[in-house]
Amino acid sequence: GENVEQHPSTLSVQEGDSAVIKCTYSDSASNYFPWYKQELGKGPQLIIDIRSNVGEKKDQRIAVTLNKTAKHFSLHITETQPEDSAVYFCAGLGSNYQLIWGAGTKLIIKP
Amino acid sequence: KAGVTQTPRYLIKTRGQQVTLSCSPISGHRSVSWYQQTPGQGLQFLFEYFSETQRNKGNFPGRFSGRQFSNSRSEMNVSTLELGDSALYLCASSLSLTGDSTDTQYFGPGTRLTVL
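Residues numbered from 1 in each chain as written. Chains lettered and ligands numbered in written order. Predicted model: local features only at pLDDT ≥ 70, side-chain atom pairs only at ≥ 80, totals over all residues. Heavy atoms only, no water.

1. Some words on the confidence of the model for chain A
Per-residue pLDDT for chain A averages 92, and the proportion of residues at 70 or more is 97%. Confidence scores differ between elements of chain A, with strand β10 (residues 99–101) of chain A showing the lowest mean pLDDT of 90 and strand β2 (residues 10–14) of chain A the highest of 98. (pLDDT = per-residue confidence, 0-100. Helix = DSSP H or I, 4+ residues; strand = E, 2+ residues; numbered from the N terminus.)

This is how it looks when you write it as structure tokens:
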């Protein structure tokens with residue numbers, strides 16, 4: 001079936017360092033890949049997304065890269081700050097036009 | 001403008017009971033989707049409503065149902081609760097102009113359901 005695998009499940013980095021979260025997907029027809037950030041006690045919030053016609057997209061300290069041949073996409077956060085601590089979810093668009101979600105990565109920023 | 005609101009925020013029920021959760025979308029949004037979130041499982045899609053019609057449904061048993069009203073507010077109902085139904089239930093609203101899920105989804109804070 002269609003699924004999105006996300007790694008790692010927990011990532012701990014020193015403040016100021018970079019963090020990378022990776023996802024792979026099984027549906028070759030998927031052409032939309034959003035990333036959501038969920039802070040404690042809140043619902044997920046879209047932080048960046050990418051479509052299949054581009055390989056990379058940046059927004060200040062965050063960037064997403066997409067490799068359609070290998071069916072994987074990654075979230076990159078540079079110069080991490082304490083407020084980046086949260087759970088991050090990747091997702092892909094399934095054949096029924098609904099999002100299929102990864103299991104989430106808990107990002108911990110160490111001071 | 002006001003965000004997505006969900007009520008109640010916390011709920012404790014016992015096995016066999018039923019529960020109704022409510023979601024008020026962002027003004028102007030006609031699409032409301034419901035998700036179940038459990039630790040380590042990510043978000044599992046339950047169903048989506050658009051203009052009072054269920055447009056899409058996930059792989060959940062018939063005990064899970066929903067509806068949408070003319071003002072776009074939505075409710076979901078779970079009957080005959082089981083211990084495994086304990087989870088955070090999230091709703092998300094979007095403009096959904098394209099009919100797929102590429103429009104940004106705006107999530108509410110969720111309802112934490114505990115089944116004892």
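After that view of the structure, there is still more to cover.
2. Notes on the sheet that holds strand β1 (residues 4–7) of chain A
Residues and elements named next belong to chain A. Across the sheet, which stays open at both edges, the five strands sit in the order β1-β3-β8-β7-β6 with antiparallel pairing between neighbours. Strand pairing shows two members of the sheet lacking a second neighbour, β1 and β6 (56–59), which therefore form its edges. Shown here is a sheet whose adjacent strand axes are inclined to one another by a mean of 15 degrees, direction ignored. For β6 and strand β7 (residues 62–67), the ladder comprises four bridges, and the chain directions are antiparallel. Across the sheet, the residue bridging to K58 is A63, located in β7. (Pairing = 2+ DSSP bridges. Axes fitted to C-alpha atoms, helices over the stretch in contact; angles between N-to-C directions.)

3. Structural notes on the sheet that holds strand β8 (residues 74–78) of chain B
Residues and elements named next belong to chain B. As summarised here, the arrangement of the four strands in space is β1-β3-β8-β7, forming an open sheet in which the pairing is antiparallel. Only two strands of the sheet have a single neighbouring strand rather than two, namely β1 (5–7) and β7 (64–68). Adjacent strand axes in the sheet meet at a mean angle of 20 degrees, parallel and antiparallel pairs treated alike. Alignment of β1 against strand β3 (residues 19–24), held across three bridges, turns out to be antiparallel. Looking at the pairing, T7 lines up with S22 of β3.

4. Things to note about the side chain of D85 of chain B
Residues and elements named next belong to chain B. Within the secondary structure, D85 is located in the loop between β8 and β9 (87–94). You can call D85 buried: its relative accessible area is 3%. A polar atom in the side chain of D85 sits 2.8 Å from the side chain of R63. Residue contacts for D85: discarding those within four places in its chain leaves Q36, R63, F64, V78, T80, L113 and V115. (Buried < 20%, exposed > 50% of the residue type's maximum accessible area, 1.4 Å probe, protein only. Polar contact = N/O pair within 3.5 Å; in protein donor to acceptor, adjacent residues only side chain to side chain. Contact = heavy atoms within 4.5 Å.)

5. Side note on the interface of chain A and chain B
In this assembly, 18 residues from chain A lie in contact with 20 residues from chain B. Buried surface at the junction of chain A and chain B, summed over both partners, amounts to about 1,500 Å²; 51% is from carbon and sulfur atoms. For chain A, the biggest contributors to the area lost against chain B are P44, Q98 and W101 of chain A; these three give 33% of the whole. Linking chain A with chain B are zero salt bridges, by the criterion used here. There are three residue pairs in polar contact (both at pLDDT 80 or more) connecting chain A and chain B. For the side of chain A that touches chain B, the secondary structure elements donating two or more residues are β4 (32–38), β5 (45–51), β9 (86–93) and β10 of chain A. (Buried area = accessible area lost by both parts, 1.4 Å probe. Salt bridge = Lys/Arg side-chain N within 4 Å of Asp/Glu carboxyl O.)

6. Notes on unusual backbone geometry
Cis peptide bonds are those with omega within 30 degrees of zero, and the linkage from H7 of chain A to P8 of chain A qualifies with -5 degrees. Locating P8 of chain A in the fold gives a position in the loop between β1 and β2. Backbone torsion omega between T7 of chain B and P8 of chain B reads -10 degrees, so that peptide bond is classified as cis. One can find P8 of chain B in the loop between β1 and β2 (10–13). A positive phi is found at Q60 of chain A, a non-glycine position, where the angle reads about 60 degrees. With phi around 45 degrees, T80 of chain B is a residue other than glycine that occupies positive phi space. Summarising the element assignment, T80 of chain B is placed in the loop between β8 and β9.

7. Examining the environment of S65 of chain B
All names here are of chain B. Along the polypeptide, S65 turns up in strand β7. Classification of S65 by relative accessible area gives partly exposed; the value is 32%. Through-space distance from the C-alpha of S65 to that of Q54 is 9.9 Å; in sequence the pair is 11 residues apart. Beyond its immediate sequence surroundings of up to four residues, S65 is in contact with F47, E75, M76 and N77.

8. Points about empty space enclosed by the protein
Residue and element names in this part refer to chain A. Counted according to the given criterion, the structure contains two cavities of 30 Å³ or more. Considering only enclosed or pocket space, the second largest cavity measures out at about 40 Å³ in volume. If you go around the second largest cavity, the residues you meet are E2, N3, V4, Y25, S26, D27, S30, G92, L93, G94 and I100. Of the residues assigned to the lining of the second largest cavity, the class counts are four nonpolar, five polar and two charged. (1 Å grid on protein atoms, 1.4 Å probe; cavity = no way out; pocket = protein on both sides within 12 Å on 5 of 7 lines; lining within 4 Å. Points joined across faces, edges and corners; volume = space filled by probe spheres on them. Nonpolar A, V, L, I, M, F, W, Y, C, P; charged D, E, K, R; others polar.)

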